[in-house]
Amino acid sequence: MIILYDIPTAAAEYQDRDWSPNVWKVRLILNYKGLLHKTRWVDYPQIRDLCQAHNVSPGGHKPDGSLFYTVPVIYDPQTSIYLSDSLRIAQYLESTYSHRPLFPVNLHAAILSFEDLWLDKVLRHIFPLMILPVYLKLPPASQEYFRTTRELRYKKKLEDIAPPRDHSRLWDQVRRGLDTMSRYMDANGKQGLFWFGDELTYADVVMVAWLVWVKRILGEETSEWKNIIQMNNGRWGRLMDYFQQ
């Protein structure tokens, strides 16, 4: 059984603890391929020790030059491999467990470039809105780490990254970004649910993982989430529903 390492929220219920969008990319793939797995929780300050103990590659460097470690991390007992980074893990799972493929032949470059497009049109506008809500969902051990690292990155207090006066403007930009993505998808034909029309790929996994993030952090009863799943004739709600089947 594959072990998937994830950062929990402070939620009391197990099923409400998983929120990290990059971990959700991997979880969605494991579910889609029907690969047995279990989650092990690690708070932010524990991730470096976990990775170093198992020779897992860092994800890059922090602004101060020190190594940066993050989840997702998986351990696959079938191959005795520890691996980090959602894309590397996705490619590993694709090559090791090739049934129900998510990287069709000749579409690898198009799928990988999709993440840059999604970041530009949607994520860069929603990141500021989500920083403080994410912080408030974390347990104390992770809160301290999250605040320190994010304030160093943004060079301002968490509470000042997206002050209330900016919320309306940022949400308008998020909606425009989703409108643009939906318009691109419509070019495949009005009935196509996925980025490549009728063919499910890693690009759809990316979109759903980030939508799960918003749902988990803001809550499914919030007006912001309800607006998202109703947008574009319910496209985003239908995409979410597909992965919940």
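Structural data are supplied above this passage.
What this report covers is the structure whose coordinates are included nearby. In this numbering scheme, every chain counts its residues from 1 along its sequence in written order. This being a predicted model, a pLDDT of at least 70 is required before a residue's local features are given, and a value of 80 or more before pairs of side-chain atoms are given or counted; all residues contribute to the totals for chains, interfaces and linings. To obtain the side-chain values, all non-hydrogen atoms of the structure were used and water was disregarded.

## Digging into the sheet that holds strand β2 (residues 37–41)
Alright, step 1. Pairing is mixed across the open sheet formed by four strands, whose spatial order is β2-β1-β5-β6. The sheet is open, and its two borders are formed by β2 and β6 (81–84), each paired with just one other strand. Each neighbouring strand pair of the sheet contributes to a mean axis angle of 20 degrees, computed without reference to strand direction.
Alright, step 2. Sheet strands in contact with helix α3 (residues 86–96) are β1 (2–6), β5 (73–76) and β6, and its direction is about 135 degrees off that of β6. Two strands qualify as a pair provided that DSSP identifies no fewer than 2 bridges between them. Every helix listed is a DSSP run of H or I at least four residues long, and every strand listed is a run of E at least two residues long, numbered separately from the N terminus. Only the stretch in contact is used when a helix axis is fitted, and all axes are lines through C-alpha atoms; the angle between N-to-C directions ranges over 0 to 180 degrees. Any two residues whose heavy atoms approach within 4.5 Å at even a single point are treated as in contact.

## Observations concerning the packing of helix α4 (residues 108–137) against helix α8 (residues 202–218)
Two packed helices can be described by the angle between their axes and the distance between those axes.
Alright, step 1. Axis separation between α4 and α8 bottoms out at 10 Å; the angle between their running directions is 15 degrees. Taken together, the axes of α4 and α8 lie roughly parallel to each other. For the element pair α4 and α8, the recorded crossing hand is left-handed. Note on element contacts: α8 touches α4 through Y202, A203, V206, M207, W210, W213, V214, R216, I217 and L218, opposite I111, F114, E115, W118, L123, I126, F127, M130, P133, V134 and K137.
Alright, step 2. Along the lines of polarity and charge, the residues of the contact of α4 with α8 split into 18 nonpolar, no polar and three charged. Orientation is classified from the angle alone, with under 35 degrees giving roughly parallel, over 145 giving roughly antiparallel, 65 to 115 giving roughly perpendicular, and any other angle giving oblique. Put simply, a crossing is left-handed when the front helix is turned counterclockwise from the back one by less than a right angle, and right-handed when it is turned clockwise. When residues are grouped by polarity, Ala, Val, Leu, Ile, Met, Phe, Trp, Tyr, Cys and Pro land in nonpolar, Asp, Glu, Lys and Arg in charged, and all others, Gly among them, in polar.

## Quick notes on the pairing of β1
Alright, step 1. Burial of β1 is extensive: five of the five residues sit out of reach of the surface.
Alright, step 2. Here β1 shows no split at all, with I2, L4 and D6 on one side and I3 and Y5 on the other all buried.
Alright, step 3. In this structure, β1 lies alongside β2, joined through five bridges in parallel fashion. Bridge pairing in β2 places Y5 opposite R40.
Alright, step 4. Of the pairings in the sheet, the one linking β1 to β5 comprises three bridges and is antiparallel in character. Within β5, the position partnered with I3 by the bridge is Y75. Three exposure classes are used, based on accessible area relative to the maximum for each residue type with a 1.4 Å probe and protein chains only: buried under 20%, partly exposed in between, and exposed over 50%.

## Digging into the side chain of D76
Alright, step 1. Examined against the element boundaries, D76 turns out to sit in strand β5.
Alright, step 2. Here D76 is buried and forms no salt bridge, its nearest opposite-charge partner K33 lying at an N-O distance of 11 Å.
Alright, step 3. Polar contacts involving the side chain of D76 include one to the main-chain amide nitrogen of Q78, which spans 3.0 Å.
Alright, step 4. A polar contact of 2.6 Å, which involves the side chain of D76, links it to the side chain of Y97.
Alright, step 5. Once you skip the residues sitting within four places of it in the chain, D76 turns out to touch I2, I81, Y92 and Y97. Asp and Glu count as negative and Lys and Arg as positive, but His and the ends of the chain are not part of the count. Just to be clear on terms, a salt bridge is a Lys or Arg side-chain nitrogen sitting within 4 Å of an Asp or Glu carboxyl oxygen. Residues adjacent in sequence count toward polar contacts only when both atoms are side-chain atoms; beyond that, a polar contact is any pair of N or O atoms within 3.5 Å, and within protein one must be able to donate a hydrogen and the other to accept it.

## Points about helix α1 (residues 21–33)
Alright, step 1. An expected span of 1.5 Å times one less than the residue number is assigned to each helix. The terminal C-alpha atoms of α1, which comprises 13 residues, lie 18 Å apart, in line with the 18 Å expected from a rise of 1.5 Å per residue.
Alright, step 2. Along α1, eleven of the 13 residues are buried, which leaves the element largely enclosed by surrounding structure.
Alright, step 3. Among all positions in α1, only P21, V23, W24, K25, V26, R27, L28, I29, L30, Y32 and K33 are buried.
Alright, step 4. A positive backbone phi angle near 70 degrees is found at G34, which sits one or two residues after α1.

## Let's talk about unusual backbone geometry
Alright, step 1. Cis geometry marks the peptide bond from V71 to P72, where omega comes out at 15 degrees.
Alright, step 2. Structurally, the position occupied by P72 is in the loop between β4 (67–68) and β5.
Alright, step 3. Of note, the phi angle at N106 is positive, near 75 degrees, even though the residue is not glycine.
Alright, step 4. By the secondary structure assignment, N106 is in the loop between α3 and α4.
Alright, step 5. Note on N106: relative accessible area 75%, which makes it exposed.
Alright, step 6. Even without being a glycine, K155 presents a positive backbone phi close to 60 degrees.
Alright, step 7. In this structure, K155 sits in the loop between α5 (140–154) and α6 (158–161).

## Digging into the packing of α4 against α5
Alright, step 1. It is the contact of α4 with α5, at a shortest axis distance of 9 Å, that shows an interaxial angle of 155 degrees. Between α4 and α5, the interaxial angle falls into the category roughly antiparallel. As for how α4 packs across α5, the hand of that crossing is left-handed. Judged by residue contacts, F127, I131, V134, Y135 and L136 of α4 engage Q143, F146, R147, R150 and Y154 from α5.
Alright, step 2. Partitioning the contact of α4 with α5 into residue classes produces seven nonpolar, one polar and two charged.

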